[in-house]
Every structure is written in C-alpha cells, then in structure tokens.
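A structural walkthrough
Given next are the chains, with one letter for each unit.
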Amino acid sequence: MLPLLPLIAKAEESTILDMLTSPWGIVSMAVIALGFFFQGFFRELGKKALEHFIKPKPEEPDVEKLWPEPLPAKSLTNITIVSRGDDFVGRTEAMKELHRRLGKQGKSSAVVGKDKLDAVHGAGGIGKTQLAVEYAAHYHWAYQARLMVIAESPQKLDEELAELVETLVPEAPAEEKQNQAAARNRVLQWFQDNDQWLLILDNIDTPEARTAVQALLPQLGRGRVLATSRLDDLGDAFELMPIDLLSPKDSADFLLKRTAEKRTPAKDDAAQAAELAQRLDGLPLSLEQAAAQINEQRLSLAQYLHKWDTAKGDEMLWFEPANPSFREPAAVTWQVSIDAAGPDAAALLRVLAWFAPEPIPCFLIDRLEQYNQSLEEPTEPAKGETVADEEADEPLLENIGDVRAALGRLCAFSLAKFTEDNEAFTVHRVLMAVTRTQMTPEQRDETLSQALRWLNLAMPQDTYDVRTWPVVTPLLPHATQACEHNISPLEPAATARLLSCLGMYHEARAAYILAESLYQRAIQIGEATLGREHFDVAIDYNNLAELLRETRRYEEAEPLYRRAINIAETTLGKDHPDVAVWYNNLALLLKQTERIAEAEPLYRRVIEIFEANEPETQRSYAGTLNNLAQLLKQTGRPAEAKPLFRRAIDIGEVTLGKDHPDVAVWYNNLASLLYESGQTREALPLVEQALAIFEAKLPAGHPSTENTRKGLELCRKALEQGE
C-alpha cells in the first residue's frame with residue numbers, strides 16, 4: 001500500500017471528481033482498491049491507473065530564468081529621479097513581483113494581445129513612482145533602455161514621448177527632433193525595432209490619459225511597460241498590482257536606517273521608531289519627510305514625535321477627506337516639515353505650487369537674482385515701455401529674501417528634490433496640489449501673481465527665433481500651467497505676454513491651431529484689462545495678424561495689422577524702428593495680395609527709418625531689404641533686386657549667423673532669382689545651403705523645408721537637361 005500513498009497525496013479534488021464521473025475512472029478506483037490489499041500485478045495496475053488521472057502541478061518558474069542574460073553595456077535612461085538605493089526598504093517583494101509579471105511576456109512576444117501589462121496603483125504619496133524608479137534601478141541589467149514619461153494627459157504623453165528621441169535616437173536629423181510628431185514617430189519606431197526596454201508610464205490618473213495610453217500600446221511593439229495610476233480600471237491590457245502602505249515593521253526599519261548617522265540616539269529608539277511609524281500610517285512620502293527633518297535638525301525620534309503631536313490639529317489646513325490623495329498623517333507631516341523649513345521656504349513652496357509637476361530649471365533662480373540686482377541701479381524707462389516693463393521694475397519675490405537658500409531648505413526637508421544633474425528640481429505633484437488648496441484667497445492671488453511674473457521674467461522676448469528654444473523648452477510646461485491656473489486673470493500684462501510668447505514658439509513650429517488659440521486668449525485678456533488701445537494689446541494684434549497672413553487669411557489679417565500700427569504710431573511715433581517692423585509686415589501682406597503700388601513705397605519708408613537707426617545691427621532691416629527685393633523681382637526688376645538680396649544676406653550672416661532660418665530664406669530667394677535668370681549653377685549651392693539649414697533648424701514637414709526641397713529638384717533637373 002505504501003507505494004501508492006505519494007501518488008494519492010498528489011491527487012486534487014478535481015482528480016477524484018474526474019474518476020467518479022467516467023466509467024474507466026470507476027474501474028480504475030476498483031483496481032486501486034485491490035492494489036491496497038494485494039501485491040504484484042494489482043499493485044502495479046493500480047499505480048498506472050492513478051498516474052493516468054493525476055496531472056502533476058506545474059513548477060513555479062524561476063524569475064531570473066524568464067529574462068535574457070544581463071546586458072553588458074550600461075543601459076540608456078532618461079530617468080532623473082534619484083534612486084534611494086539601500087534606503088529603499090519594504091518593497092523588495094513588490095519589486096520581485098513586478099519583475100515576475102513583466103517577465104511573463106517573454107523576450108520577443110508582443111505586449112498587446114498576449115499578456116497583460118502591469119500597473120501600480122494607489123493614493124498619492126504612497127510611493128508608486130518611486131517603486132517604479134527603484135525597480136528600474138535594481139533590475140537595470142535586464143534592459144537595453146529604461147525610460148519614463150509622464151502620462152497625465154494625452155498632450156503630455158505625446159510631448160514626453162517625442163522628447164525621448166534625444167535619448168534613444170541622438171543621431172536623428174535635427175528637423176525630426178524639433179518636430180513633435182516626427183520625433184514621436186521616430187521614438188515609436190525605435191520601440192518597434194528593439195525589445196529589451198522598459199517604459200514607465202507615470203501618473204495615468206484621468207480617463208483621458210487612460211484612453212491615450214490604450215491607443216499608444218499597440219504602437220509599441222515589443223518590450224515591457226510599467227504604469228503607475230490612481231485609477232482602479234486601466235483596461236484589459238493592464239494587470240493591476242495594488243501596493244499597500246508600508247508595514248509598521250518596514251516603516252520603523254526605514255526610520256532607523258535613514259536617520260542612523262544624524263539623529264540624536266536614545267535607548268528607546270526602537271520603541272520610538274515603532275510609535276512614529278504607527279503615527280505616519282506607513283506612507284512613504286511622510287516617512288521620507290520625517291526622516292529628512294530628523295537628520296537636518298539632529299533630532300531624536302522622541303523630539304520629532306513631540307513636534308508631530310504639537311502640529312496635530314493644524315493639519316486641517318491641509319487635509320481634505322474627500323480627496324484620497326490627502327491623507328491625514330501626511331497632512332500633519334507636511335505641516336511639521338514646512339514649519340521646520342521656515343517661512344521663506346514655505347513662501348517659495350506656495351509660489352512653486354503654480355508650476356507644472358516637472359523639473360523646474362535652476363536658471364529661473366539665476367535670472368531672478370540677476371534681475372533683482374539690476375534694480376539697485378534704476379534707469380529711466382525707454383520711450384514706449386509697456387506696463388509689463390513698468391511692473392517688472394518692482395523687486396520680485398522680495399518677501400522670500402534668499403530664494404536659493406529657501407530652495408535648499410525645501411530640499412533639505414524632502415519637500416523638493418534636485419535632479420541628478422542638479423540643473424533642475426522637482427516638487428511632488430501631490431504636495432503642489434495640496435499647497436494650492438490650503439492657501440487663503442489672498443495668498444493664492446499673491447503667489448500666482450509672483451509665479452506669472454517670475455516666468456514672464458525668464459521667458460525670452462522672441463520665442464519665434466530658434467536661438468531661444470533651449471531656454472524656452474524647459475519653461476514651456478510651467479508657463480502653460482501657470483496661465484491655465486490664471487482664470488481671473490491676475491497680472492494681465494505678464495499673462496498676455498506669456499501666452500503670446502507661447503504662441504510665437506508654436507507658430508514657428510507650424511503648430512498654427514494651437515498658436516492661434518494662445519494669441520486669441522492673449523488678446524482677450526489684454527482688451528478686457530488694458531483696453532483695445534494699449535500698446536501691449538497692439539503687440540498681440542500684430543502677432544495674430546502675422547499668423548493669419550502665414551495661413552493666407554489676408555482679409556482677417558489686414559485690419560489687425562492696421563489697428564496695431566495705429567496704436568504703435570500713437571505710442572512710439574511714426575519714425576520708431578519698432579513701428580517700422582509693423583509697416584514691413586503690412587507691406588508684405590500688400591505685396592502678397594498684388595497691391596504693389598501700396599507695398600513698394602511702404603517698404604522704402606521702412607528702409608529709411610531703419611537706415612536712420614544703425615541699420616547694420618538690425619535683423620528687421622535685413623528682412624525688409626529682402627522683402628523689397630522680392631517685390632522688385634516679382635515686378636520684373638531683377639537687376640535692382642539682386643544687390644538688395646545680397647545686402648540682406650550680408651547683414652543676416654553677421655547679426656543672425658550663417659545657420660539661421662531667416663538667412664536661409666534669403667539664400668533661397670536669391671537662388672530663385674538666379675534660377676529664373678538662367679544662372680542655375682550659381683543658384684544650386686544657395687538652395688542646398690538653405691535646405692540644410694531648414695532641415696537642421698525647423699520641424700520636419702515645415703513649409704519652408706518642403707518648398708526649398710522642390711526648388712532643389714528643379715535646379716538639379718535643369719542642370720541635367722543642360723540649361
């Protein structure tokens with residue numbers, strides 16, 4: 001009987017039911033019963049009958065065997081959140097579970113339609129993003145690339161995917177990198193061509209974001225995707241893996257380990273850590289902030305507990321039970337940390353709460369310090385200076401004092417964090433959101449005004465110019481977010497200018513629909529708060545008119561041009577170079593609508609104004625020379641046009657550089673004149689040079705690039721035909 005017992009032990013309830021519901025099973029059970037009492041033939045026959053019905057349980061796979069061999073080279077990554085390394089406690093099993101789930105997909109299997117993807121979900125501050133970051137750091141050996149994008153909205157998802165081109169395809173043509181759609185497509189192609197990558201989709205917290213992610217997944221090809229979300233339904237493609245608060249033991253261990261070197265030790269540290277862990281409810285964000293304050297102030301655990309208990313009650317300034325992101329222990333901890341960081345740090349946090357939850361460039365502080373220092377030597381306002389300029393003559397964030405020191409205090413208490421390269425810093429999105437809700441109406445207005453003025457101060461003047469884009473790009477999400485918060489609006493001049501600058505940037509990248517909406521809002525704010533005759537509003541009129549002209553909506557553009565010019569003439573005078581720029585724009589529209597008799601004298605008037613004001617240093621002067629040359633060419637006067645084209649190019653190369661798109665336009669225009677004059681060989685290198693500049697500086701598919709490419713084809717074809 002004994003040889004049959006191990007087999008019987010393996011039999012499950014389903015096995016017995018199978019045997020009882022089949023004729024052969026009943027016979028087999030009879031044979032097995034005989035095998036218990038007789039040796040030899042019946043024993044062996046009963047063993048075989050039992051083995052027929054018992055299906056061995058599949059062995060649990062070894063997690064490491066699901067993965068390829070470790071990659072020898074350092075993997076590509078764009079993750080800027082710093083790993084906590086050994087200080088990251090209590091999530092070892094969670095990381096193993098993530099690795100096991102992600103390993104199910106296999107090296108080359110498609111992620112959509114086979115196995116589900118993983119999503120880590122939970123309330124704000126529970127550590128979803130940090131868990132994803134730590135997983136990526138711990139299992140770096142399994143991936144060719146470890147990438148993170150914020151997926152909080154469809155727009156943000158597309159922007160972040162496009163930005164991955166610098167990490168994944170640095171050799172991509174410049175025009176693709178500068179065009180969001182082209183860059184995104186190049187990144188998606190990389191995902192499809194490779195398989196050993198991890199993509200973290202962070203903060204899928206809205207239905208719109210979920211829909212965008214679901215549409216993205218089929219385009220990714222092979223690889224692993226890890227999502228973080230507070231939603232409990234991300235669709236069939238995702239397998240949710242809830243994460244809990246840290247256990248009391250893990251929380252206490254974290255506090256003891258994280259503060260081991262700097263806290264004031266005491267005999268009852270273990271007991272105090274356990275008590276504090278219970279108070280903080282296992283919320284990682286709160287534990288990190290508590291440990292940071294203990295370390296910064298060299299407190300004992302008991303001293304911090306006393307501070308925490310003292311602040312209990314004040315947390316209602318922060319706590320909103322209806323919002324699952326705002327947990328009561330976190331509210332108390334934030335209050336304690338902010339009290340400890342000091343009033344300057346608290347004031348800075350209230351300003352930063354209006355920014356986007358993305359890296360904030362440190363050059364904002366540099367620009368602020370430079371500006372405030374410049375106010376020590378005030379100068380007389382220039383003629384035509386706008387209200388925005390006059391408001392900017394007041395010190396900014398003077399209530400904070402040393403902004404750089406205040407930021408240091410926020411980071412010291414884990415209320416903010418520097419990125420790995422120390423060129424930017426971040427504030428947790430939950431802390432931003434809760435800071436906005438706990439401000440009084442007066443504080444909201446004051447701090448939002450400060451945020452708008454600060455961003456306005458740092459935003460370059462001519463965001464249409466590609467040379468400003470390295471500064472504009474990191475400011476974009478923050479300027480956009482601050483303007484979206486500003487419903488009233490506060491700081492109308494600064495807000496309208498920010499919107500106009502954003503519009504110019506998007507217009508330069510041929511995103512005309514978005515640019516037009518930004519211009520329209522800038523005009524709406526300006527007209528409502530400053531009046532239709534204000535110079536700042538005239539700037540917005542001109543900008544919108546330029547976009548309408550570019551998109552060939554001439555009848556809409558002309559009255560805006562003329563309205564802007566009337567305001568500028570009144571404000572600055574008819575001989576001011578800034579007014580001459582707008583004369584030039586109107587003349588360009590007149591030429592494009594075949595009103596040559598009106599356009600030519602206006603161009604010549606513009607040139608007179610520029611030549612009276614150091615023309616060699618003026619980019620706009622070169623542009624007007626080019627425009628007049630175009631008119632002369634159009635009216636059959638190439639001999640007069642050619643020297644003007646060359647003069648425009650000479651000035652442009654000095655003031656803008658030989659690789660600037662404006663100079664490329666002038667190369668192209670001169671080449672067109674030469675081609676039409678039968679000088680194709682002289683035209684060809686100019687067209688080639690213009691195309692190279694457009695491809696390097698403008699987004700893919702930009703009209704200037706496409707038109708120049710067609711011109712190059714015509715030149716080459718003409719030369720092949722012997723012309």
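Let us now look at the overall build of the protein chain. Across its full length, the protein chain holds 34 helices and nine strands. Burial statistics for the protein chain: of 723 residues in total, 51% are counted as buried. Within the protein chain, residue pairs in contact and separated by at least 24 positions form 71% of the contacts whose partners lie at least 6 positions apart. With the model as given, the accessible surface of the protein chain reaches about 33,200 Å², and the carbon-plus-sulfur share is 52%.

Running from N to C, helix 24 (residues 492-508) and helix 25 (residues 512-529) point in directions that differ by 160°, and their axes come no closer than 8 Å. With respect to each other, helix 24 and helix 25 are oriented roughly antiparallel. For the pair helix 24 and helix 25, the sense of crossing is left-handed. In contact with Pro492, Thr495, Ala496, Leu499, Ser500, Leu502, Gly503, Met504, His506 and Glu507 of helix 24, helix 25 contributes Tyr512, Leu514, Ala515, Leu518, Tyr519, Arg521, Ala522, Ile525 and Thr529. Class assignment of the residues belonging to the contact of helix 24 with helix 25 gives a composition of 12 nonpolar, five polar and two charged.

We now examine the pattern of salt bridges. As enumerated under the stated definition, the model contains 28 salt bridges in all. Residues Glu369 and Arg404 are paired through a salt bridge, measuring 3.0 Å at the closest nitrogen-oxygen approach. Of this pair, Glu369 sits in helix 18 (residues 363-374) while Arg404 sits in helix 20 (residues 403-412), placing them 35 residues apart in sequence. Glu369 sits in the partly exposed class, given a relative accessible area of 28%. For Glu556, the salt bridge identified is with Arg553, shortest N-O distance 3.1 Å.

Here the structure, examined in full by the defined rule, presents 10 aromatic pairs. Judged by centre distance (5.7 Å) and plane angle (15°), the ring pair of Phe535 and Trp582 falls under stacked. Within this pair, whereas Phe535 is found in helix 26 (residues 535-550), its partner Trp582 is found in helix 28 (residues 577-592), the two being separated by 47 residues in sequence. An aromatic cluster is built from Tyr135, Tyr139, Trp141 and Tyr143, whose rings are joined through pairwise contacts.

Another aspect to go through is helix 31 (residues 638-655). The end-to-end C-alpha separation of helix 31 is 26 Å, in line with the 26 Å expected for 18 residues at 1.5 Å each. As for helix 31, its buried residues are in contact with helix 30 (619-634) and helix 32 (661-676). Following helix 31 by one or two positions, Gly657 adopts a phi angle in the positive range, close to 105°.

Counting through the fold element by element, Asn584 comes out in helix 28. Residue classification places Asn584 among the buried residues on the basis of a relative accessible area of 10%. Not counting residues up to four positions away in its chain, the partners in contact with Asn584 are Tyr603, Val606, Thr624 and Asn627.

Let us look at the sheet that holds strand 7 (residues 360-361). Whether parallel or antiparallel, the strands of a sheet pair through hydrogen bonds between backbone atoms. Strand order in the open sheet formed by three strands is 7-9-8, with antiparallel pairing between adjacent strands. A single partner strand is all that each edge strand has here, and the edge strands are strand 7 and strand 8 (417-418). Sheet topology places strand 8 next to strand 9 (residues 424-426); two bridges connect them, and they run antiparallel. In the strand pairing of strand 9, Phe418 is matched with Phe425.

Here we come to the side chain of Asn543. Along the chain, Asn543 falls in helix 26. Ignoring sequence-local partners within four residues, the contact set of Asn543 consists of Ser500, Met504, Glu507 and Tyr519.

This part takes up the packing of helix 26 against helix 27 (residues 554-572). One can describe the packing of helix 26 onto helix 27 by two numbers: an axis separation of 8 Å at closest approach and a directional angle of 150°. Regarding the angle of helix 26 to helix 27, the classification is roughly antiparallel. Considering only the axes of helix 26 and helix 27, their crossing is left-handed. Each of Phe535, Ala538, Tyr541, Asn542, Leu544, Ala545, Glu546, Leu548 and Arg549 in helix 26 lies in contact with helix 27, whose residues at this interface are Tyr554, Glu556, Ala557, Leu560, Tyr561, Arg563, Ala564, Ile567, Ala568, Thr571 and Leu572.

The next thing to look at is the environment of Asp158. Here Asp158 shows up in helix 7 (residues 154-163). When its relative accessible area of 25% is taken as the criterion, Asp158 is described as partly exposed. Spatially, the C-alpha atom of Asp158 lies 10.0 Å from that of Val213, the residues being 55 residues apart in sequence. Those residues within four positions of Asp158 in sequence are excluded, and the remaining contacts are Gln180 and Arg184.

Okay, the nonpolar core next. One finds Leu348, Leu352, Phe355 and Trp454 to be the most contacted residues of the largest nonpolar core, which totals 138 residues. The contacts of Phe355, once residues within four sequence positions are left out, are Ile360, Leu364, Met432, Ala451, Trp454, Leu455, His478 and Gln481. Residues Ala145, Leu217, Leu231 and Leu234 belong to the second largest nonpolar core, which totals 32 residues.

The element strand 3 (residues 145-150) is largely enclosed, with a buried count of six among its six residues. Along strand 3, one buried face is formed by Ala145, Leu147 and Val149 and the opposite face, lined by Arg146, Met148 and Ile150, is buried too. Relative to strand 3, strand 1 (residues 76-77) runs parallel, the two being bridged by two bridges. Bridge pairing links Leu76 to Ala145 in strand 3.

As a further point, take the confidence of the model for the protein chain. Taken residue by residue, the protein chain gives an average pLDDT of 80. The fraction at 70 or more is 80%. When mean pLDDT is compared element by element in the protein chain, strand 7 scores highest at 95, while helix 19 (residues 387-392) scores lowest at 43. The low-confidence segment residues 106-115 (pLDDT under 50) makes 18 contacts with residues lying over four places distant or belonging to another chain. Ignoring residues within four places in sequence, the model shows residues 381-392, a span with pLDDT below 50, making 20 contacts including any to other chains.

One turn of an α-helix holds 3.6 residues; hence residues three or four places apart share an orientation. The first and last C-alpha atoms of helix 14 (residues 284-297) sit 20 Å apart over 14 residues, in line with the 20 Å expected at 1.5 Å per residue. Here helix 14 lies mainly inside the structure; 12 of its 14 residues are buried. What helix 14 keeps buried is the set Pro284, Leu285, Ser286, Leu287, Glu288, Gln289, Ala290, Ala291, Ala292, Gln293, Ile294 and Asn295. Once helix 14 finishes, Arg298 follows within two positions and takes phi at roughly 55°, a positive value.

Calculation rules
- Residues numbered from 1 in each chain as written.
- Predicted model: local features only at pLDDT ≥ 70, side-chain atom pairs only at ≥ 80, totals over all residues.
- Heavy atoms only, no water.
- Helix = DSSP H or I, 4+ residues; strand = E, 2+ residues; numbered from the N terminus.
- Buried < 20%, exposed > 50% of the residue type's maximum accessible area, 1.4 Å probe, protein only.
- Contact = heavy atoms within 4.5 Å.
- Areas by Shrake-Rupley, 256 points an atom, 1.4 Å probe, with all protein chains shown as cover.
- Axes fitted to C-alpha atoms, helices over the stretch in contact; angles between N-to-C directions.
- Parallel < 35°, antiparallel > 145°, perpendicular 65-115°, else oblique.
- Left-handed = near helix turned anticlockwise from the far one by under 90°.
- Nonpolar A, V, L, I, M, F, W, Y, C, P; charged D, E, K, R; others polar.
- Salt bridge = Lys/Arg side-chain N within 4 Å of Asp/Glu carboxyl O.
- Phe/Tyr/Trp six-rings, centres within 6.5 Å; stacked < 30°, edge-to-face > 60°.
- Expected span 1.5 Å × (residues − 1).
- Pairing = 2+ DSSP bridges.
- Core = buried A, V, L, I, M, F, W, Y, C linked by side-chain atoms within 4.5 Å.
- pLDDT = per-residue confidence, 0-100.

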